[in-house]
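In case you want the letters, here they are:
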Amino acid sequence: MPPLPCSSRYLSLGSREAIAEYFGLLDQSLCAADPGPFLSRYRSAFENLDQWTFHGVDRWLLSLVPYREAIARLGAVYERNFERYQRDVWPRERPALEEVAAFINGHYAGRDVIAHWESLTGLTWKFDRYEIVLCAAIKGGPNANSLGYERNLFYGGSDRVWMTQFVSHEVGTHILVDIGSEVMALGRYDYDYVYRALENLARFYNGIILGSEKLYPMPADYRADEFRALCARLLAERPGATPRDLLTEALDRTRS
């Protein structure tokens, strides 16, 4: 899994011209408040992304209309610096990222973590692959970002123990995402509440998979330890409880 520049891994934007086309179509769609042309051009990639989100990519794009000018400026920065990045920055960053990639591949060699998640949850992984994209540029920013159902972006300088644990966590959030969508469709809970609960459910199952009592921390407002204890109690009371059962029960019982 040799790492490649992030833009190449996501939408195969491997040139300055491709970057210009991407941001040009995005600006056109935001200007007209019509995501059609943009989504049509990148349909296959966004179909994969749609399988990860609780709501359609088209709705998400329309929410960006107020930020059109800022996005256009950002696009100009990408376009202006793309070739310089390829020439001057990427050759310096690549060796360190290749080392991390080798570590992750070595850790998971012979471990079918997806099969373990399928067996534990009774759910089926939708793709024939799962890709970890490594990047140096997101240092200090959001980490473990989903780029679709089958792909995640990680900061290459992350703690390696945390990274091996959280790769498995992300497999969990992705295989569980349809459960989140089903629960959202009930109309009983808001998006942020379901999102946090789904992350907690993935962490609970990941603790079973990893056999670890000292899992990675979550933000304080996730109430992760409370959620984990509740799921453990529910599963002990009802050994046949499905992920959907645990999610809805936990959502109802943690309301405040």
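Undergrad: Describe the nonpolar core, with residues and values.
TA: With 50 residues, the main nonpolar core has Trp117, Leu134 and Leu201 as its most contacted residues. At the level of secondary structure, the elements contributing two or more residues to this core comprise helix 6 (68-108), helix 7 (113-121), strand 1 (131-135), helix 8 (160-175), helix 9 (177-185), helix 10 (191-210), helix 11 (224-237) and helix 12 (243-253). For this core, the leading source of residues is helix 10, giving 9 residues. Leu11, Leu13, Leu39 and Leu61 belong to the second-largest nonpolar core, a separate cluster that totals 18 residues.

Undergrad: Any details on unusual backbone geometry? Residues and values, ideally.
TA: One non-glycine residue, Ala33, lies in positive phi territory at about 50°. The topology assignment puts Ala33 in the loop between helix 2 (16-32) and helix 3 (36-41). On the basis of relative accessible area, Ala33 is assigned to the partly exposed category, the value being 44%. Phi is positive for Arg223, close to 50°, though the residue is something other than glycine.

Undergrad: Lay out the packing of helix 9 against helix 10 with the relevant residues and their values.
TA: Between helix 9 and helix 10, whose axes approach to 10 Å, the crossing angle comes to 150°. When the interaxial angle is binned, helix 9 and helix 10 end up roughly antiparallel. In the packing of helix 9 onto helix 10, the handedness of the crossing is right-handed. Along the contact surface, helix 9 presents Val177, Gly180, Val183 and Met184, while helix 10 presents Tyr191, Val194 and Leu198. When grouped by side-chain class, the residues that make up the contact of helix 9 with helix 10 number 6 nonpolar, 1 polar and no charged.

Undergrad: Quick one: what's the story with helix 9, residue by residue and with numbers?
TA: Buried within helix 9 are the following residues: Val177, Ile179, Gly180 and Val183. Down the axis of helix 9, the buried side of the element spans an arc of 155°, and every buried residue falls inside it. Buried positions along helix 9 lie against helix 8, helix 10 and helix 12. Directly beyond the C-terminal end of helix 9, a positive phi value near 75° is found at Gly187.

Undergrad: Let's hear about the sheet that holds strand 2 (residues 145-146): which residues, and what values?
TA: In space, the 3 strands of this open sheet follow the order 1-3-2, with mixed pairing throughout. Where the open sheet ends on each side, the last strands, each with one partner, are strand 1 and strand 2. As judged from the 5 bridges shared by strand 1 and strand 3 (residues 151-155), these two strands associate in the parallel manner. Bridge pairing links Glu131 to Arg151 in strand 3. Docked against the sheet, helix 8 engages strand 1, strand 2 and strand 3, running at close to 155° with respect to strand 3.

Undergrad: For the side chain of Thr248, give the residues involved together with the corresponding values.
TA: Structurally, Thr248 can be placed in helix 12. The class of Thr248 is buried, set by a relative accessible area of 14%. Setting aside chain neighbours within four positions, we find Thr248 in contact with Val183, Leu186 and Tyr189.

Undergrad: An account of the pairing of strand 3 is needed here, citing residue identities and associated values.
TA: Across the 5 residues of strand 3, 5 count as buried, placing the element largely inside the fold. Side-chain alternation along strand 3 places Arg151, Leu153 and Tyr155 on one buried face and Asn152 and Phe154 on a second face that is also buried. Where strand 2 lies against strand 3, 2 bridges are found, and the strand directions are antiparallel. Counted as the bridge partner of Asn145 is Leu153 from strand 3.

Undergrad: Would you mind going over the packing of aromatic side chains in detail, with residue names and values included?
TA: Following the criterion strictly, the structure yields 16 aromatic pairs and no others. Centroid distance Tyr22 to Phe23: 5.1 Å. Interplanar angle 80°. Geometry classified as edge-to-face. Considering the side-chain rings of Trp117 and Tyr205, the 6.2 Å spacing of their centres and the 75° angle between planes classify their relative orientation as edge-to-face. Here Tyr205 lies in helix 10 and Trp117 lies in helix 7, a separation of 88 residues in the sequence. Of the two residues examined, Trp117 and Tyr205, each falls in the buried class. Here the aromatic residues Tyr22, Phe23, Phe38, Tyr42 and Tyr78 are joined through ring pairs into a cluster of three or more. Over the aromatic face of Phe103 sits the side chain of Arg160, whose NZ or CZ is 5.2 Å from the ring centroid.

Calculation rules
Starting afresh in each chain, residues are numbered from 1 along the sequence in its written order. The model is predicted, so local features are restricted to residues of pLDDT at least 70 and side-chain atom pairs to those at 80 or more, both for listing and for counting; the totals for chains, interfaces and linings are taken over all residues. Excluding hydrogens and water, the side-chain figures rest on all heavy atoms present in the structure. Throughout this description, the term nonpolar core refers to a set of buried Ala, Val, Leu, Ile, Met, Phe, Trp, Tyr and Cys residues connected via side-chain atoms within 4.5 Å. Any residue under 20% of the maximum accessible area for its type is buried, any over 50% is exposed, and the rest in between are partly exposed; the area is computed with a 1.4 Å probe on protein chains only. Counting from the N terminus, the helices are the DSSP runs of H or I reaching at least four residues and the strands are the DSSP runs of E reaching at least two. Here the axes come from fitting lines to C-alpha atoms, over the contacting stretch only for helices, and the angles between their N-to-C directions go from 0 to 180 degrees. Every angle not falling under 35 degrees, over 145, or within 65 to 115 is termed oblique; those three ranges are roughly parallel, roughly antiparallel and roughly perpendicular. Helix crossings are classified by the rotation of the near helix relative to the far one: an anticlockwise turn of less than a right angle makes the crossing left-handed, while a clockwise turn makes it right-handed. Contacts between residues were defined by any pair of non-hydrogen atoms, one from each residue, lying within 4.5 Å. Residues were grouped as follows: Ala, Val, Leu, Ile, Met, Phe, Trp, Tyr, Cys and Pro as nonpolar; Asp, Glu, Lys and Arg as charged; and all remaining residues, including Gly, as polar. Throughout, the arc means the angular range of directions from the helix axis out to the C-beta atoms. Strands pair, by our definition, only if DSSP identifies at least two bridges between them. Aromatic pairing here means that ring centres of Phe, Tyr or Trp (its six-membered ring) are within 6.5 Å. Orientation follows from the plane angle: under 30 degrees is stacked, over 60 is edge-to-face, and everything else is tilted. Over a ring means this: the NZ of a Lys or the CZ of an Arg is within 6 Å of the ring centre and within 35 degrees of the ring normal.

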